[in-house]
Structures are given as C-alpha cells and as structure tokens.
Amino acid sequence: DHYIATTNVKVTLLISFLTLVISGISIKIIEIPPPQNLSSIYYMVIMLGLLTILFSLTALANLIRVVFPRLDTKKTEDSLIFFGDISKIEQSGKTYYDLITSSDENKILIDISQQIEIVSKITSDKFRTLSLAITIIIWLVFPLLLFSITFLTIYNSVRYESQSKF
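Note that the coordinates shown come from a computational prediction; the quantities given were computed from them, not determined experimentally.

(A) Looking closely at the packing of aromatic side chains. Evaluated as defined, the whole model comprises four aromatic pairs. Relative to Phe-142, the ring of Phe-17 lies with its centre 5.5 Å away and its plane at 65°, an arrangement referred to as edge-to-face. Of this pair, Phe-17 sits in helix H1 (residues 2-31) while Phe-142 is found in helix H5 (residues 105-164), placing the two residues 125 residues apart along the sequence. Each ring, one from Tyr-42 and one from Tyr-155, has its centre 5.7 Å from the other, and the planes form 50°; the classification is tilted. Within this pair, whereas Tyr-42 is found in helix H2 (residues 40-67), its partner Tyr-155 is found in helix H5, the two being separated by 113 residues in sequence. Accessibility classification places Tyr-42 together with Tyr-155 in one group, the buried group. Pairwise contacts between aromatic rings join Tyr-42, Tyr-43 and Tyr-155 into one cluster.

(B) Representation of H1 in the model. Taking 1.5 Å as the rise per residue, H1 with 30 residues should run 44 Å; its terminal C-alpha atoms sit 44 Å apart, in good agreement. For H1, the complete set of buried residues consists of Thr-7, Val-11, Leu-18, Val-21, Ile-22, Ile-25 and Ile-29.

(C) Spatial organisation of the packing of H1 against H2. At their nearest, the axes of H1 and H2 sit 9 Å apart, and the two run at 155° to each other. By the angle between their axes, H1 is roughly antiparallel relative to H2. The crossing of H1 and H2 is left-handed. The class makeup of the residues in the contact of H1 with H2 is 18 nonpolar, five polar and no charged.

Calculation criteria
- Residues numbered from 1 in each chain as written.
- Predicted model: local features only at pLDDT ≥ 70, side-chain atom pairs only at ≥ 80, totals over all residues.
- Heavy atoms only, no water.
- Phe/Tyr/Trp six-rings, centres within 6.5 Å; stacked < 30°, edge-to-face > 60°.
- Helix = DSSP H or I, 4+ residues; strand = E, 2+ residues; numbered from the N terminus.
- Buried < 20%, exposed > 50% of the residue type's maximum accessible area, 1.4 Å probe, protein only.
- Expected span 1.5 Å × (residues − 1).
- Axes fitted to C-alpha atoms, helices over the stretch in contact; angles between N-to-C directions.
- Parallel < 35°, antiparallel > 145°, perpendicular 65-115°, else oblique.
- Left-handed = near helix turned anticlockwise from the far one by under 90°.
- Nonpolar A, V, L, I, M, F, W, Y, C, P; charged D, E, K, R; others polar.

Next up, the structure:
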C-alpha cells in the first residue's frame, strides 16, 4: 500500500511535468509568427511541437489511468470485504457486523481470496500502465521536446538574422 501511495506521488510529478510541456510548447507554437516565404524550419518546428504535444497527451492519459485505475470486479455476489459492496449495506455498522459473524469461515476465505486476486490484477494493470507512460516519456516526449526546442531556437535565430538584414 505504501509503495502504491509513493508511486501516485511520482505520477503526480510526471503529470505536472507533462502539463508544463504541453502548455509551454502550445504557447511557443502560437507565438511563432509565420514566415514570409515557405520555410522548412518553420514547418519542422510546428510538426515537432505538435508531435511533442500528442505524445505528451498520450502519456498523460496513461498516467491518469494509473491514478484512477478500473475498480470493476467481475463477481457474482456481494463481497464482505470490497469497499464498494460494504458501502451499499443499508443501516449501520451493526448490520455489517451481523453479516460477517453469520458468514462461515470458508465463505470468508473464498471472499478474501477473490479480493486478493482482484486487487493484484488492478495493481498489475496500474504498474503496466505506468511503465507504458514512462516509456512514452523517455523515448518519445524527451527527444521530441529536445528537437522542438532546438528547431525553435534555430528558427528564431534565422528569423532574427533575416530581420536584421532589412
């Protein structure tokens, strides 16, 4: 549980980073004045910026899935352990207590086993999705961000050179 909680904090930091990337690149793309003549550097900056935003959004969507995993449980009867089923019990804690004490040991063990299996599947899916998001960030967002900044710098220097000639 502690490992999952610390992972959620790391995911929050990655979400903040991606939000900054998306905002920063979007603002820079909007601020770029179009060239007076057809400029391949201009179109390269736009294309790289849009790809950076696209893959950042893809990673962001996966990170949101990590923080809010699917909690659907494909089961036939209500669980005495699953919080979603417990919250549906009407009346008070006494009703829940009566349900627990009236259940036989075998039924409770089966319920615990099913809940452990469900939680392990949810956790496994959570970390698989996190791994995918981190892979997208490392292999696509970082390089595209670097190229976007590089080409933006080149475009701005070429644009300022051409303006200073006039």
